[in-house]
Amino acid sequence: MKVLVVGPTAYPWGSDGYGGVERLCALLIRGLTRRGHLLIAAAPEHSYLPPAVTHIVVPFNSDNTQGEHIATGRVREAFMPSMVDITLDLSHTHGLRGFSDWRGFSWLWHDPGMPDSRAMLLENGGTLLLPKTGVVCISEWQKDRLWERLRVKSAVCDIIMVDEATYRYDAAQEPSGRWLCVGIVDWQKGALETALMIASLPSEALDIIGPPTEPARASSLREMERQTGGRIRYHGEVSEAKKLTMMKAAKGLLFLPQYPDTWAEAHSMKMVEALCCGTPCLALSRGAIPEIFAQQLGVQLFDSTQEMKASLSTPFVVDREYVSALALSRWSSEAALSRVEALMNGG
């Protein structure tokens, strides 16, 4: 098939550093190319793409809404819908498929009930930007929320994937004895709350990695690092290689999202990455998290931060190699690509 892929514009696809959906775009393109498809990518400059891929170059734009509108314009200048067999839309705004007859599928990434997410899906005046067909969710919970909030029907295809050559158990990795928190440092993702929890437990230590989108919270984390003598460490944004090493060495990944009761996570890429490394995950049971992870080996879910804190006094012992093998059977790039191809083929 001739496949067009569109997605976010804030980072080069496949570059080192932060950018979850951008990494998915790169893995998807590489995998579909290996499987014999002809790929066209509307991707930011300096993206890491196979030589055989036709690259529609899009400028960087940290404002995904504006950047994706530019990408839509560039695609329309270069191609007509009849010139591709299928479009895989991993963007946030879905402008290309929202206003035209580009056959394909558009994935949603967030809770449709969150104001920022809803704003991305609505044009001025409240007109829905989503395509009329081919809307895809990454969990059943998200699918139900989309219908409840916007009365949009959708399919479910878990496109979350990792590069199995790097995100896997490494027996040679020295354990750090420290917990790990990964993600944007803002009020939603819970880095500060995680640090406060660990700081109150004298025998525990925590590493936090992620870009400081709220400077005041980042400053609070650095002050806690000073006060705890390094038991709490905020590393800021780190390279993909360093994140991978820290994830494999960690005692476990802690995830305490702080959304209001009416919002939640539609999936968790960081939990998938940790599990594929064999690293245990402790998380609050919110949104789609129990649907996706409750039965996954290496995961403990809690109803509250207090309940999680109490559990940390009891070691969470798992066979990390087995945890990794089971997670990779679900979220390796090959497993996810098979799900995507089944969707493309109408399965």
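Our subject in this report is the structure included herewith. Since this is a predicted model, take the numbers as computed values, not measurements.

How each quantity is defined
Residues numbered from 1 in each chain as written. Predicted model: local features only at pLDDT ≥ 70, side-chain atom pairs only at ≥ 80, totals over all residues. Heavy atoms only, no water. Core = buried A, V, L, I, M, F, W, Y, C linked by side-chain atoms within 4.5 Å. Buried < 20%, exposed > 50% of the residue type's maximum accessible area, 1.4 Å probe, protein only. Contact = heavy atoms within 4.5 Å. Pairing = 2+ DSSP bridges. Helix = DSSP H or I, 4+ residues; strand = E, 2+ residues; numbered from the N terminus. Axes fitted to C-alpha atoms, helices over the stretch in contact; angles between N-to-C directions. Salt bridge = Lys/Arg side-chain N within 4 Å of Asp/Glu carboxyl O.

As for the nonpolar core
So, point 1. With 65 residues, the main nonpolar core has L28, L88, L90, W107 and I159 as its most contacted residues.
So, point 2. Not counting chain neighbours up to four residues away, the residues in contact with I159 comprise L24, L28, L90, W107, W109, I138, A336 and V340.
So, point 3. Among the nonpolar cores identified, the runner-up in size contains 23 residues, and W179, A191, A195 and M224 belong to it.

Quick look at the sheet that holds strand β3 (residues 54-58)
So, point 1. The strand order across the open sheet built from seven strands is β3-β2-β1-β4-β5-β6-β7, with neighbouring strands paired in parallel fashion. Here the strands that pair on one side only, and so sit at the sheet edges, are β3 and β7 (155-156).
So, point 2. Sheet topology note: the strand β2 (residues 38-44)/β3 ladder contains five bridges and is parallel. In the sheet register, A42 faces β3, and the bridge partner there is I56.
So, point 3. Packing of helix α5 (residues 140-150) onto the sheet brings it into contact with β6 (135-137) and β7, and relative to β6 it is tilted by some 130 degrees.
So, point 4. Where helix α13 (residues 333-344) meets the sheet, it contacts β1 (2-6), β4 (86-89), β5 (104-107) and β6, and its direction lies at approximately 130 degrees from that of β5.

Side note on unusual backbone geometry
So, point 1. Despite not being glycine, H94 has its phi angle at roughly 60 degrees, a positive value.
So, point 2. With relative accessibility at 1%, the residue H94 sits in the buried group.
So, point 3. We note that R151 has phi near 55 degrees; this positive angle belongs to a residue other than glycine.
So, point 4. Mapped onto the elements, R151 comes out in the loop between α5 and β7.
So, point 5. For R151, a relative accessible area of 53% puts it in the exposed group.

Description of the pattern of salt bridges
So, point 1. Throughout the structure, instances matching the rule amount to 15 salt bridges.
So, point 2. Residues R23 and E240 are paired through a salt bridge, measuring 3.4 Å at the closest nitrogen-oxygen approach. Of this pair, R23 sits in helix α1 (residues 20-34) while E240 sits in helix α8 (residues 240-249), and the two are 217 residues apart along the sequence. Of the two residues examined, R23 and E240, each falls in the buried class.
So, point 3. Put simply, R217 and E193 hold a salt bridge, and the shortest N to O gap is 3.4 Å.

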